[in-house]
Amino acid sequence: MTDRYAVFGNPINHSKSPDIHKAFAAGTAQDLTYEAVCVPEDSFSDYVADFLSGSGRGLNITIPFKQDAWELSEVLSPRAELAGAVNTLYKNDAGQLCGDNTDGIGMVRDIVRNHGGEIQNKKVLILGAGGAVRGVLQPVLEEKPSKLVIANRTASKAVELAELVGDLGDVSGCGYDTLPEECFDLVINGTAASLNGEVPPISATLLAEGAWCYDMMYLAEPTAFCLWASENGAEKVMDGLGMLVEQAAASFQIWRGVEPDSKAVINKIRNSLTG
């Protein structure tokens, strides 16, 4: 029987995950199917149990169910435990429901592997303090930046996140209006402002010479944050499409034990957006 995989979310019709995983399967000669399922918000646990009781082997989880998946998991990876959210579900040999979070490792791999960047010994600024940011903090800090500042409109949320991961490195949190007067080598936008054509209220003087800017969001055209970064002299500007594909690749490797060619799939999805 062919192994089945799916992404659960609501809404879900926008999802690129089926295209990504079908390309991974074709590239690695894996016999599987992958579908997008719109799950009623009050039926998540029932849908998970039903899917994984048959030929279902693994699930990706997207908005609004990542915290539900975290709570449902019997075994959490350390990065999922800290993230407070799960985007990858599967059952281990003992039949336990295992939860992982590949968002952060997906972003780090995109920056380091695909773009040839470095996080080690760099001053990093992350904008936002929601679930998307919490999900990437541990993998970013594992790269050993010299300093990480989390800035958010509501300063207390940034401070809380900084305290949560404070034992992993030099981390602080603040409001946009109290950002330290220093320059950063890498600025990551973890807010959804770009989807509304907006940019968090920060000054371009925060960009160090040769700074890189990364937007965790992506659109067919450059995002508002990417345009802001380009206009203000960033050396390298990246959006989150590579992160999307790399987090999927990490999930695929967890499930299938093989690493797919993510670069080819990034190019394929990019061309489908702009074509």
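Please refer to the structure higher up on the page.
Keep in mind the model is a prediction, meaning the values are calculated, not measured.

**Q** Tell me about the environment of Val75, residues and numbers included.
**A** Tracing the sequence through the fold places Val75 in strand β4 (residues 75–76). Note on Val75: relative accessible area 31%, which makes it partly exposed. Along the backbone, Val75 and Val149 are 74 residues apart, and their C-alpha atoms lie at a distance of 30 Å. Beyond its immediate sequence surroundings of up to four residues, Val75 is in contact with Asn92, Gln96, Leu97, Cys98 and Gly99.

**Q** Which residues make up the environment of Val140, and what are the values?
**A** With respect to the secondary-structure elements, Val140 resides in helix α7 (residues 137–142). Residue class for Val140 comes out buried when judged on its relative accessible area of 0%. For the pair formed by Val140 and Gln120, sequence separation is 20 residues and the distance between their alpha carbons is 9.1 Å. Leave out the neighbours within four places in its chain, and Val140 touches Met107, Val108, Ile119 and Pro145.

**Q** Which residues make up the pairing of strand β6 (residues 97–100), and what are the values?
**A** The alternating pattern of β6 places Leu97 and Gly99 on one face and Cys98 and Asp100 on the opposite face, and all of these are buried. Note that β4 and β6 share two bridges and pair parallel. Residue pairing across strands places Leu76 opposite Gly99, the latter belonging to β6. Sheet topology note: the strand β5 (residues 88–91)/β6 ladder contains four bridges and is antiparallel. Bridged to Tyr90 within β6 is Cys98.

**Q** Could you give an account of the packing of aromatic side chains, naming the residues involved and the relevant values?
**A** Inspection of the entire model under this criterion finds six aromatic pairs. Taken together, a centroid distance of 4.8 Å and an interplanar angle of 15° make the contact between Phe44 and Phe65 stacked. Note that Phe44 is positioned in helix α2 (residues 44–53) and Phe65 in the loop between β3 (56–61) and α3 (66–72), a separation of 21 residues in sequence. For Phe44, a relative accessible area of 4% gives the class buried. With a relative accessible area of 2%, Phe65 lands in the buried category. Cation over ring: Lys236 sits above Trp212, and NZ or CZ is 5.9 Å from the ring centre.

So, how was this worked out
Residues numbered from 1 in each chain as written. Predicted model: local features only at pLDDT ≥ 70, side-chain atom pairs only at ≥ 80, totals over all residues. Heavy atoms only, no water. Helix = DSSP H or I, 4+ residues; strand = E, 2+ residues; numbered from the N terminus. Buried < 20%, exposed > 50% of the residue type's maximum accessible area, 1.4 Å probe, protein only. Contact = heavy atoms within 4.5 Å. Pairing = 2+ DSSP bridges. Phe/Tyr/Trp six-rings, centres within 6.5 Å; stacked < 30°, edge-to-face > 60°. Lys NZ or Arg CZ within 6 Å of the ring centre and 35° of its normal.

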